[in-house]
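Observations on the three-dimensional arrangement
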Amino acid sequence: MTEIWDGLTKAVQLLISLDPAVMEVAGRSLTISATACLLASLICIPLGSLIHFHHFRGKRVLINIIQTLFSVPTVLVGLFLLVLLSRSGPLGELRLLFTPTAMVIGQMILITPLLLGLTISALSGVSKEIADTATSLGASGSQAIRLVLKEARYAVLAAVMLGFARAISEVGCALMVGGNIRGATRVITTVISLEAGKGNLELAIALGMILLLLALIINIVLNRLQQR
Amino acid sequence: MSLIEVVDLSHSYGEREILKGLNLGIDKGEAFALIGPTGAGKTTLLRIMDLLEVPGAGEIYFDGKHVPRSGKQRLEIRRRMSFIHQKPQVFNLSVYDNVACGLRWRGEKRNRIANKVDHILEMVGLEGYRNRDARTLSGGEAQRVALARALVLEPEVLLLDEPTANLDPISTAKIEQLISNVARQQNTTMIMATHDMSQGQQLSDRIGVLLDGRLVQTGNATDIFRSPTNEAVAHFVGMENILEGVVVENNEGIALVNIDGYIIQAVSGYPVGKEVYACIRPEDITLLIPDGGQQTTVKSSARNSFQSEVTRVTTLGPLSRVEIDCGFRLIALVTRISAEELNLQAGKEVYATFKATGVHIIEKGSGQ
Amino acid sequence: MKVIAPRIALIVLVLTLLVTVLGCSGQTEPEVLRVATTTSLYDTGLWDYLEDIFEDRYDADLQIQAKGTGIALELGMNGDVDVVTVHDPLKEAAFVAGGYALNATVDGNSTARVTWAYNYFIIVGPASDPAGVGSLTGSLAPEEAFQKIQQEGALDPDTVRFVSRGDESGTHGKEKAIWASAGYNYTEDIVGNGTADGWYIEAGTGMGATLVMADELMAYTLTDKGTFLAYQGDLDLVPLVETGDIMLNVYTAMICTNGVNPGMAQNLVTFLRAPEIQALIAGYGVPEYGEPLFYPWDPEICGLP
């Protein structure tokens, strides 16, 4: 119990003092996960719309696969990328392993099924007649899709939120393809894992609190947005 | 030349045939009402005409040009039309944005959009609702938004699918007023589907009756209501008295028709021996009280007069529906006031009279 | 009869349960012994090899966690494990001084730190050896190698790099000791400037992962020889510096004061120092790697007792 209490006290201290090392790591966590989430959204929202609005063979199967991949283990994504980006791997020439770029790619892969699947179900929540009405008012195919996306904007936003939460809270992939290198690829979760490994439990708890706080702030901001 | 023309149009949803070889041309500036019972295929026909769906078979011509089954040209043609759906679907946006959507999609300039939207909102009486969330509106208000959203596009063709279904009478009146104003002022071609015959009659120049996927009769309101071409149309347009009989004599266009041993006279050219239906609108039957045993027939110019007994009286708002038995069953509509004055009730003896011109004769087995 | 039937069933059930319970208590449940070990021991597979033999001999259930020395000692302090096997003399001394270790009996002597095997740390790096440390020999070779890596790395951080465990493990402790012995202030000169220059890469991870990272980045790193041999097949790294007094790596076992099973813990300590087990340790890995991963306890090298 004293460790938890000490952790809390330390977290408050670190936060109030804006400890530069902690701020650096928190900032990197935010940047990497936000970038991954943004890029994944830019891919998944249009792709999800494409899947939702087109009828093709195997659509149900595809959606089932996507939903199954919601829970893809982070270390599996890490392993896959490690093999791919390794010096001896097919993309080794790019020299991306143990860089923040590799972590962004890993988190993108990780949250892509989630964003795709939730975008599709968000769009399914919009009545078919909305797209119909838009078409009859002269919307082109893409204009109608954009309107339906707008109708589903809160559900899509929630999907993006969930994707971001999964990205920023994962550790397996970040550790494997980022390598937890000080000053380069160290993020909150990998530092927690490292500090706990060092037996430095107070700092680990403090960082955990900061991660939770970060998640809380993001949630509040997005909730405010939704209520508008 | 027709503005929109459909030729040999057929369409199915799975096993169900909705439209069966339908031909129809709508002229520029015409107001056309498509009437028919629920499930007759009215909505499907409108959706195909609006190019929302590709018909299973048949061709569509717009403004003289053949409409392809796919491609960009469909969007261009569709943008010359507006469609108001039966259940108004407002978008989860402000009233203003709802109405502005179509113009934005057509790439209109911002300030032109603002002018047009404000003008149309005023026209439909929603000027105070500009920034309201459209989903908080009542059914009537939502339908007015849907109407504004369609009208702001100044379409060449306005398609309406049961525009007043599920609305209260006051909202219905407002919407009908708006539609008829637009039709008159802007010379918009209008195609309206309705199951309400009086609405069709009131808002259109021409009516088409759609029954079970077939367009069974088109014509002006008088044609349709007075002279249905077959029994089914007669039934649908409210000919409550449809009597089966045979022509037994024809004197210079006045046919005598034998109905279960009773003879009625009707204006018709059908020859002797023809099996027919004699249709009489209930409001065309007059009821008289016998005057103390005297012959009453002479008092009326009507050629048909039958002594009969009232079997049942039902009040329908300002009217009374009177069922009588004069050897065969007839239904008459009289005002509630006259029903009270005549003291009509079951068992009462009356004379039912109607003119020969009030009887519409349909050949049996026609239009099938 | 119909009423009695359920009663008979109940009696049979109760008797069955009774027999089962008695039968179980008659059979002795293996005693659980929890051990936290440094990753360098575990990654070589030595513990898997010894585990079965120990469990058979003492009817014990050995539960082993592979951790960095830092967290292993933390677990020991909290009593979450009964025995720790680590390799960081400074931290071990602090552990004993804090009263977290019980005295164990080996060869008739009583001691808190039981040394039981050793090997050497080595500096490995890319075969191209851009800093040119492969030619160094002698008792100060490790310090000289670190100096070269620091100098060349600062000049050309894209070519000469060093990956550090950075996880407060025993290996990390040894690395710090070498930097200090080479005349550097570890925190300022190495972590501070080295990270800023980009040649010093603090991985914050286990020995195996650190080797993989050094291999990927074509960098130098410090490793215990056992783990390196175990990983060598998958790596392009080659051993470059294998001599030097400071490179000695002694493995220690300590019985935790707060542990729950000191008796079985003493058994493990006795086991590790038993002559026939020492012979197994000395021979472990020889068929696979061509040389031993660990050397048996030697009082001359490991110190008494």
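Just so it is clear, the structure is predicted and the values come from calculations on it, not from any experiment.

**Thoughts on the confidence of the model for chain C**
- Summarising the model, chain C shows a mean pLDDT of 88, and 90% of its residues fall at 70 or more.
- Taken together, the chains of this predicted complex give a pTM of 0.74 and an interface ipTM of 0.78.

**Structural notes on the domain arrangement of chain C**
Residues and elements named next belong to chain C.
- The assigned domain composition of chain C is domain 1 (31-118 + 249-302) and domain 2 (119-247).
- Between the C-alpha centres of domain 1 and domain 2 there is a distance of 26 Å.
- If you tally residues by element for the side of domain 1 that touches domain 2, the top one is helix α2 (residues 39-43), at 3 residues.

**Re the arrangement of the chains**
- Contacts are most numerous, across the 2 pairs of chains in contact, for chains A and C.
- At the level of C-alpha atoms, the two units chain B and chain C stay apart, their nearest approach being 50 Å.

**Overview of helix α4 (residues 74-85) of chain A**
All names here are of chain A.
- Its 12 residues place the ends of α4 16 Å apart at the C-alpha level, agreeing with the 16 Å of an ideal helix rising 1.5 Å per residue.
- Turning to α4, its buried residues number three or more, namely Thr74, Val77, Gly78, Leu81, Leu82 and Leu85. Relative to the axis of α4, the buried residues are bounded by an arc of 135° and lie together on one face.
- Those residues of α4 hidden inside the fold are in contact with α5 (100-124) and α9 (172-178).

**Looking at helix α1 (residues 2-16) of chain A**
- Helix length check: α1(A), at 15 residues, gives a terminal C-alpha distance of 21 Å against a target of 21 Å (1.5 Å per residue), a fit within 8%.
- Just downstream of α1(A) lies Leu18(A), where phi reads positive at about 50°.

**Quick word on the sheet that holds strand β12 (residues 254-259) of chain B**
Residue and element names in this part refer to chain B.
- Taken together, 5 strands build an open sheet; the order of strands is β13-β12-β11-β14-β20 and the sheet is antiparallel. With one partner strand each, in any of the chains shown, β13 (262-267) and β20 (359-363) form the two edges of the open sheet. The average undirected angle you get between the axes of adjacent strands in this sheet is 45°.
- Here strand β11 (residues 241-251) runs beside strand β14 (residues 275-280); their pairing, made up of 6 bridges, is antiparallel. For Val246, the partnering residue across the bridge sits in β14 and is Glu275.

**Remarks on the sheet that holds strand β1 (residues 2-13) of chain B**
Residues and elements named next belong to chain B.
- A sheet is described by the order of its strands in space; here 4 strands give the open sequence β2-β1-β4-β5, paired in antiparallel fashion. Among the strands making up the open sheet, the edge pair consists of β2 (16-27) and β5 (65-66).
- Pairing analysis gives 2 bridges linking strand β4 (residues 57-62) to β5, with the strands arranged antiparallel. Within β5, the residue paired with Phe62 across the bridge is Lys65.
- Across the sheet, helix α1 (residues 42-49) lies against β1 and β2, angled at about 125° from β1, the strand it touches most.

Cut-off values and rules
Residues numbered from 1 in each chain as written. Chains lettered and ligands numbered in written order. Predicted model: local features only at pLDDT ≥ 70, side-chain atom pairs only at ≥ 80, totals over all residues. pLDDT = per-residue confidence, 0-100. Domains from an automatic or database assignment. Helix = DSSP H or I, 4+ residues; strand = E, 2+ residues; numbered from the N terminus. Contact = placed C-beta atoms within 7 Å. Expected span 1.5 Å × (residues − 1). Buried ≥ 20, exposed ≤ 12 C-beta atoms within 10 Å, placed from the backbone. Arc of directions from axis to C-beta. Pairing = 2+ DSSP bridges. Axes fitted to C-alpha atoms, helices over the stretch in contact; angles between N-to-C directions.

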